[in-house]
Amino acid sequence: MKNHILGVSAYYHDSAACLLSDGRIVAAAQEERFTRKKFDARFPVNALHYCLQQGGIGLADLKYFVFYDKPLIKFERLLETYVAFAPRGIKSFLAAMPVWLKEKLLLKNVLQEELLGLDGIKVRSALPPVLFGEHHESHAASAFYPSPFKSAAVLCMDGVGEWATTSAWLGQGNDLAPLWEIQFPHSIGLLYSAFTYYTGFRVNSGEYKVMGLAPYGQPKHVQAIYDHLIDLKPDGTFRLNMDYFNYCTGLTMTSGKFDDLFGGPPRKPESKLTQRDMDLARSIQEVTEEVMLRLARSLHRETGTENLCLAGGVALNCVGNGRILRESPFRGLWIQPSAGDAGGALGAALTVWHKLEGKPRTTDGASDAMQGSYLGPSFTNEEIEKFLCQKEAPYQRINDDLLYDKLAQELDDGKVLGWFQGRMEFGPRALGARSIVGDARNPKMQSVMNLKIKYRESFRPFAPSVLRDRVSDYFEMDADSPYMLLVAPVSEKRRIKMTADQESLWGIDLLNVPRSDIPAATHVDYSARVQTVHRETNPRYYNLLKAFEAKTGCGVVVNTSFNVRNEPIVCTPEDAYRCFMRSAIDILVLENCVVYKAEQKPLAEDADWQQEFEMD
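Predicted model, so just to flag it, every value in this text is computed and none were measured.

K.L.:
What is the right way to read helix α7 (residues 188–198) from this model?
P.N.:
Along an α-helix, residues three or four apart share an orientation, since each turn contains 3.6 residues. Along α7, ten of the eleven residues are buried, which leaves the element largely enclosed by surrounding structure. Restricting attention to buried positions, one finds in α7 the residues I188, G189, L190, L191, Y192, S193, A194, F195, T196 and Y198. Its side-chain oxygen 3.3 Å from the backbone nitrogen of G189, S187 forms the N-cap of α7. Looking one or two residues past α7, G200 carries a phi angle of roughly 90 degrees, positive in sign.

The structure is reproduced here in structure tokens:
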């Protein structure tokens with residue numbers, strides 16, 4: 001009989017569920033993909049149902065149900081913080097306490113109530129045991145246990161868990177031992193989030209916008225950050241000056257003293273970005289990279305290991321990750337693709353398997369256990385055709401021997417594809433299963449995708465998907481990057497030298513200046529967030545790139561997530577079709593079913609919207 005363990009994260013950021021069967025990852029998904037509510041933090045009932053269905057089991061077949069952190073210790077931190085800062089923060093305290101006293105303090109009961117009634121279970125005694133992991137241990141487990149390394153140092157960096165905001169671990173075999181931690185309120189994640197808030201973006205979701213905005217700015221405020229906000233030690237440990245922050249007691253991230261330091265109040269969301277915002281983004285990005293690098297170097301000195309694993313929200317800072325790859329002494333680097341709280345569901349389940357159950361861990365030193373992070377739902381051609389017929393949507397079903405060449409020609413002609421293939425990705429990145437794909441050589445592709453398809457800020461860069469054996473032809477790196485978590489410089493031989501007039505430009509004025517022969521995937525600083533494509537993990541996406549290479553000589557396409565602004569990545573054919581119809585995507589490819597926009601009738605529920613879109 002198999003040992004089934006279900007891990008869950010919920011109630012704080014993006015909730016998720018993950019199923020292990022005899023230690024193998026069977027399924028994992030975020031709740032937002034099913035509910036269509038971005039960053040949905042509610043109990044992941046839909047993701048849970050999917051995981052059980054994918055595993056072919058019921059709730060009663062689970063040996064353990066494990067939650068990814070410990071609410072009682074988190075409540076202890078909350079109380080101690082309010083006491084330390086009293087009487088400041090009384091409004092925040094009064095706002096937080098009802099939820100804690102009614103729900104979060106009694107989380108075991110809340111979780112059991114959520115499970116009761118599911119799958120026909122009516123009494124608590126029939127439920128699997130409910131266990132609780134520790135937040136940073138869940139992150140560390142998600143980073144080390146699926147990695148290809150037999151031993152590795154592990155670095156976790158995020159906003160805050162129970163108390164820890166940064167933690168170091170040593171993984172060997174099936175053992176994962178804590179080394180040290182930095183505790184709240186001193187947090188590199190919350191420091192970055194403070195600048196996210198101050199530059200007018202949403203905390204816990206807009207940090208990647210700050211990272212993308214940074215190359216348009218200059219590091220004018222780096223010294224001010226070191227002088228006033230963070231005391232950074234040579235070993236990478238740090239303390240924040242809490243006079244400049246309000247997140248301990250208030251409802252905002254920064255204080256009036258922060259405003260005075262940087263010359264004014266926070267930017268209002270959706271208002272025009274200024275050069276000051278770009279300079280602030282560049283400055284905090286450089287400071288964060290320095291913290292990450294110093295911590296990595298210190299961890300190498302302490303452990304003597306050759307490999308490093310990363311997790312926690314800060315591990316999604318792929319610019320910093322790229323610098324660790326290039327500049328740290330570690331020979332191997334592996335980053336959990338679902339590095340944020342969603343990945344905690346996976347880490348909690350793996351902790352139970354390896355530590356509580358004492359099960360051994362095997363690895364070949366080369367391949368990880370994430371299966372490309374393609375762990376979500378998939379749909380057959382027959383299911384897709386049934387949906388399209390119900391929609392009365394014209395389509396063509398094209399066999400593989402013709403499909404890839406046909407789509408390569410469409411890409412070469414400047415068309416944009418909605419690419420829906422196989423199992424959905426687990427984590428925030430689209431990796432060629434739920435992707436929007438275009439020709440990276442097309443100088444207009446970035447603005448078309450940003451403004452007419454994604455409906456988002458024009459400065460946002462797009463990632464290149466590149467055949468693994470061609471990566472060093474285009475970028476200054478020769479390493480696997482299957483999860484789009486490493487930024488690398490575009491190769492010098494690919495760059496286009498700017499004119500004297502162009503070299504005088506700075507900031508957003510650089511947006512439309514071609515910088516390489518793959519301009520749609522090259523950021524203003526000649527960098528790119530690289531995804532290497534491997535036949536072993538995604539053969540269909542690999543075949544598309546190979547067909548495009550055969551037709552054009554180019555082994556790169558531009559890849560962005562299949563969604564529009566403020567919506568989660570699509571999960572089902574219905575989600576994909578709706579997104580396709582509400583954007584300027586030219587062709588929708590649902591497995592072997594090809595749908596052309598020009599042949600479609602407007603969605604009945606979107607008649608007014610469609611008319612406005614076409615006029616625009």
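K.L.:
In this structure, what is going on with the packing of helix α11 (residues 275–303) against helix α12 (residues 318–327)? I would like to understand it.
P.N.:
Axis angle and axis distance: for two packed helices, these are the angle between their axes and the distance between the axes, and together they describe the pair. The N-to-C vectors of α11 and α12 enclose an angle of 40 degrees; their axes lie 9 Å apart at closest approach. Classified by the angle between their axes, α11 and α12 sit oblique to one another. In the packing of α11 onto α12, the handedness of the crossing is right-handed. Between α11, through Q285, E289, M292, L293, A296 and R297, and α12, the contact on the second element is made entirely by V319, G320, N321, R323, I324 and E327. Residue classes in the contact of α11 with α12 are distributed as five nonpolar, three polar and four charged.

K.L.:
Quick question: what am I supposed to make of helix α6 (residues 135–144) here?
P.N.:
Counted residue by residue, α6 has ten buried out of ten residues, so it is predominantly covered. Residues of α6 that are buried include every one of H135, H136, E137, S138, H139, A140, A141, S142, A143 and F144, and no others.

K.L.:
Would you explain the sheet that holds strand β14 (residues 417–420) in this entry?
P.N.:
Hydrogen bonding along the main chain pairs the strands of a sheet, whether they run parallel or antiparallel. The sheet built from nine strands is open, its strands ordered β13-β21-β20-β14-β15-β19-β16-β18-β17 with mixed pairing. Edge positions in the sheet fall to β13 (396–397) and β17 (486–489), since each of these pairs with one other strand and no more. As paired elements, β14 and strand β20 (residues 587–590) share four bridges and run parallel to each other. Across the sheet, the residue bridging to F420 is L590, located in β20. With respect to the sheet, helix α16 (residues 445–453) is in contact with β15 (434–438) and β19 (556–561), its orientation differing from that of β15 by roughly 135 degrees. Strands in contact with helix α20 (residues 573–581) are β14, β20 and β21 (593–596); relative to β20, the strand with the most contacts, it is inclined by about 175 degrees.

K.L.:
Could you clarify how one ought to interpret the pattern of salt bridges in this entry?
P.N.:
It is possible for side chains bearing opposite charge to pair when their charged atoms get close. Under the definition given, this model contains 32 salt bridges. In this structure, E286 engages R282 in a salt bridge whose closest nitrogen and oxygen atoms are separated by 2.9 Å. With a gap of four residues between them, E286 and R282 both fall in helix α11, about one helical turn apart. Residues E591 and R540 are paired through a salt bridge, measuring 3.7 Å at the closest nitrogen-oxygen approach. Residue E591 is found in the loop between β20 and β21, and its partner R540 is found in helix α19 (residues 539–552); the two are separated by 51 residues along the sequence.

K.L.:
Looking at this structure, how should I read the packing of helix α14 (residues 381–390) against α20?
P.N.:
For the pair α14 and α20, interaxial distance at closest approach is 10 Å and the crossing angle is 50 degrees. By the angle between their axes, α14 is oblique relative to α20. Here α14 runs over α20; the crossing is right-handed. Across from I384, F387 and L388 in α14, the residues of α20 making contact are P573, E574 and Y577.

K.L.:
How should the sheet that holds strand β5 (residues 130–132) be read in this particular structure?
P.N.:
Here five strands make up an open sheet; going across it, the order is β3-β2-β1-β4-β5 and the pairing mixed. The sheet is open, and its two borders are formed by β3 (24–30) and β5, each paired with just one other strand. Direction aside, the axes of adjacent strands within the sheet are offset by 20 degrees on average. Relative to β3, strand β2 (residues 16–21) runs antiparallel, the two being bridged by six bridges. By the bridge assignment for β3, S21 is matched with R24. Relative to the sheet, helix α5 (residues 107–115) contacts β4 (62–67) and β5, its axis offset from that of β5 by approximately 135 degrees. Packed on one face of the sheet, helix α13 (residues 342–356) meets β1 (4–9), β2, β3, β4 and β5 and runs near 30 degrees to β2.

K.L.:
Explain the pairing of β21 to me, please; I cannot follow it from the model alone.
P.N.:
Within a regular beta strand, the side chains point alternately toward one face of the sheet and then the other, so they alternate between its two faces. Covered by surrounding structure in β21 are C593 and V595 together with V594 and Y596, the residues of both alternating faces. Of the strand pairs in this sheet, β13 and β21 are connected by two bridges, and their pairing is antiparallel. Within β21, the residue paired with R397 across the bridge is C593. With four bridges connecting them, β20 and β21 associate as antiparallel partners. When the bridges of β21 are listed, V589 appears paired with V594. Adjacent in sequence and paired antiparallel, β20 and β21 are bridged by two residues, among which E591 carries a positive phi angle near 55 degrees.

K.L.:
Would you take a moment to explain the environment of Y68 for this structure?
P.N.:
Counting through the fold element by element, Y68 comes out in the loop between β4 and α3 (71–85). In this structure Y68 comes out as buried when scored by relative accessible area, which is 1%. The spacing of Y68 and G376 is 308 residues in sequence and 20 Å in space, taken between C-alpha atoms. Within polar-contact distance, the side chain of Y68 engages the side chain of D341 at 3.1 Å.

K.L.:
Which parts of the structure should I look at to understand the nonpolar core?
P.N.:
Taken as a class, soluble globular proteins show a tendency for nonpolar side chains to be buried jointly. Core analysis: the largest hydrophobic core is formed by 196 residues, its most contacted members being L48, F245, L308, F475 and Y577. Sort the elements by how many residues they give to this core and α11 lands first, with eleven residues. If sequence neighbours within four positions are ignored, F245 has contacts with L191, A194, L229, L240, M253, T254, S255 and F258. Of all hydrophobic cores here, the second largest spans six residues; its members include F75, Y82, A96 and W100.

How each quantity is defined
- Residues numbered from 1 in each chain as written.
- Predicted model: local features only at pLDDT ≥ 70, side-chain atom pairs only at ≥ 80, totals over all residues.
- Heavy atoms only, no water.
- Buried < 20%, exposed > 50% of the residue type's maximum accessible area, 1.4 Å probe, protein only.
- Helix = DSSP H or I, 4+ residues; strand = E, 2+ residues; numbered from the N terminus.
- Polar contact = N/O pair within 3.5 Å; in protein donor to acceptor, adjacent residues only side chain to side chain.
- Axes fitted to C-alpha atoms, helices over the stretch in contact; angles between N-to-C directions.
- Parallel < 35°, antiparallel > 145°, perpendicular 65-115°, else oblique.
- Left-handed = near helix turned anticlockwise from the far one by under 90°.
- Contact = heavy atoms within 4.5 Å.
- Nonpolar A, V, L, I, M, F, W, Y, C, P; charged D, E, K, R; others polar.
- Pairing = 2+ DSSP bridges.
- Salt bridge = Lys/Arg side-chain N within 4 Å of Asp/Glu carboxyl O.
- Core = buried A, V, L, I, M, F, W, Y, C linked by side-chain atoms within 4.5 Å.

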